[in-house]
Amino acid sequence: MTDRGPDDIADPAAPPPPEPRPEERAPGSVFAGIGLGLAGLWLVLLYIVFVSLVVLSLGAHQLQYSIRAYRAEEGKSLPLWAVAQIYTNWVKAERLVDDVEGRLWTARYDLEEMNKKLHNMRQDDESSQEDVIAFGKLIDLKQAEINVLDTRLNTATEQLGHVLVFQTKPLDPIVGDFISALKFFRNIEESDDEIFGIVPDLSSLPPEVLTVILVLSMGALGGTIHLTRLYFDRRRDREATRLGIVKRVGYYVFRPFLGAITALSVYILAKAGVLIVSTPADTGSGAALSPFFVSFLGIVSGLLAEQALDTIQTAGRNWFSASPQGGPERWAHRVKEFLVTKEKPALANALGTSGDILNGWVDEKAPVPEKEQAIIAAWLKKPPRDLFTDLPPAARA
């Protein structure tokens, strides 16, 4: 340890050393700033693309879901093709009304100008009586044309009201909301804009294809949200190396697409029954999944892609495992809704177990083995995803 003289002691009142000039700073900080700027622009672009796609696909999916849930008659649903045909007829009738109204407005304007001219002719001494009479006949013809157009307008308006009919029965006004929503999607497809003009009419796509698009867009949006969290976490940038920067660039580019593919994989496994997820209480075995449930499944899978991939790997190992213990045990969270009390002894006999064990499964005091899940689902004639869930009761409380 060297001795320090009195001159070596720092003066607390001395000004701080000057900051280095820009050309003297480390070049890595400049490249880091450029990288952060490019990453921010990339995130903005991702949000614009994926949020737009989510809004359009979710809106189209919700529209189709609402149309399928609508009942035109007792026990009869309104097919999507019928709504599309009603929309086509509505557009034709609406264009006819607009055309007649435009012609009627022009004819009335011409009649008003002709009356002014006739009045001037009567005040003008140079106009002969024959000219006034002839011009008056032209006004009568114009008035007759207006009367014809009035009749055609009333007829076209009545036809417009008759469009909202399905199998000779008038439909509820809510179908008008369906028509307005379809008009929105059709206008996007027919737009002359260079960006929106390339977007197809998502409302006319088959429900299965539309669901896949919704899952992919939600998964990509979840991956973008994950990247945004990393972007604002500056602690990860303190020990950045060149190799680390390269890794982050690749991660920023491919992570949203990983989220999209992961969401699609989770959705396929859930539909196949390999991954059991709880659906809304009003979703029957033959009904389509709610668009909001599909959106939740997609965005969570994209946001937590790493955990979702681990879950998929676990499900795959359980599926291909040759262990005699079978697959994972799950909780019978909705069996009690469909199981009649007097059927419990017969079901327990079919399961080869006691009534106490069956009651424990039904009351969610214990999980149900995989083999017994299949038997209970077949007994109740319900798909396993409507009866069982991987989440224990405490996690759903």
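Here's a quick rundown of the structure. (Residues numbered from 1 in each chain as written. Predicted model: local features only at pLDDT ≥ 70, side-chain atom pairs only at ≥ 80, totals over all residues. Heavy atoms only, no water.)

A separate point is helix H10 (residues 344–351). Taken together, the buried positions of H10 are occupied by Leu347, Ala348 and Leu351. Taken down its axis, H10 places every buried residue within 100° of arc, on the same side. For H10, the exposed residues lying more than 90 degrees away from the buried face are Pro345 and Asn349. Packed against the buried residues of H10 are helix H11 (355–362) and helix H12 (370–380). (Buried < 20%, exposed > 50% of the residue type's maximum accessible area, 1.4 Å probe, protein only. Helix = DSSP H or I, 4+ residues; strand = E, 2+ residues; numbered from the N terminus. Arc of directions from axis to C-beta. Contact = heavy atoms within 4.5 Å.)

Turning to the nonpolar core, a few remarks are in order. Leu43, Met218, Leu227 and Tyr252 are the most contacted members of the largest nonpolar core, which totals 24 residues. Contributions of two or more residues to this core are made by helix H1 (27–69), helix H5 (207–231), helix H6 (242–272), helix H7 (291–303) and helix H8 (305–320). With eight residues, the single largest contributor to this core is H5. Apart from residues lying up to four places away in sequence, Tyr252 is in contact with Ala39, Trp42, Leu43, Leu227, Leu230 and Tyr231. (Core = buried A, V, L, I, M, F, W, Y, C linked by side-chain atoms within 4.5 Å.)

A word on the environment of Glu208. Secondary-structure assignment places Glu208 in helix H5. For Glu208, a relative accessible area of 57% puts it in the exposed group. Along the primary structure Glu208 and His61 are separated by 147 residues, whereas in three dimensions their C-alpha atoms are 9.8 Å apart.

Our next topic: the pattern of salt bridges. Pairs can form between side chains of opposite charge once their charged atoms are near each other. Overall, the coordinates contain six salt bridges when judged by the stated rule. The salt bridge involving Lys142 is made with Asp110; its shortest N-O contact spans 3.9 Å. Placement of Lys142 in helix H3 (residues 129–162) and of Asp110 in helix H2 (residues 80–123) is noted, with a sequence separation of 32 residues between them. Between Glu306 and Arg255 there is a salt bridge; the shortest N-O distance is 3.4 Å. Of this pair, Glu306 sits in helix H8 while Arg255 sits in helix H6, and the two are 51 residues apart along the sequence. With a relative accessible area of 2%, Arg255 lands in the buried category. By sharing partners, the salt bridges in this structure join Asp110, Lys142 and Glu145 into a single network. (Salt bridge = Lys/Arg side-chain N within 4 Å of Asp/Glu carboxyl O.)

The geometry of H10 relative to H12 is characterised by a closest axis approach of 10 Å and an angle of 140° between their N-to-C directions. Regarding the angle of H10 to H12, the classification is oblique. The way H10 lies across H12 gives a crossing that is right-handed. Contacts from Ala346, Leu347, Ala350 and Leu351 in H10 reach Glu372, Ile375, Ile376 and Trp379 in H12. Of the residues that constitute the contact of H10 with H12, the class distribution is seven nonpolar, no polar and one charged. (Axes fitted to C-alpha atoms, helices over the stretch in contact; angles between N-to-C directions. Parallel < 35°, antiparallel > 145°, perpendicular 65-115°, else oblique. Left-handed = near helix turned anticlockwise from the far one by under 90°. Nonpolar A, V, L, I, M, F, W, Y, C, P; charged D, E, K, R; others polar.)

Turning our eyes to something else, we now look at unusual backbone geometry. Of note, the phi angle at Glu364 is positive, near 60°, even though the residue is not glycine. Tracing the backbone shows Glu364 in the loop between H11 and H12. You will see that Lys381, though not glycine, has its phi angle at about 60°, which is positive. Its place among the elements puts Lys381 in the loop between H12 and helix H13 (393–396).

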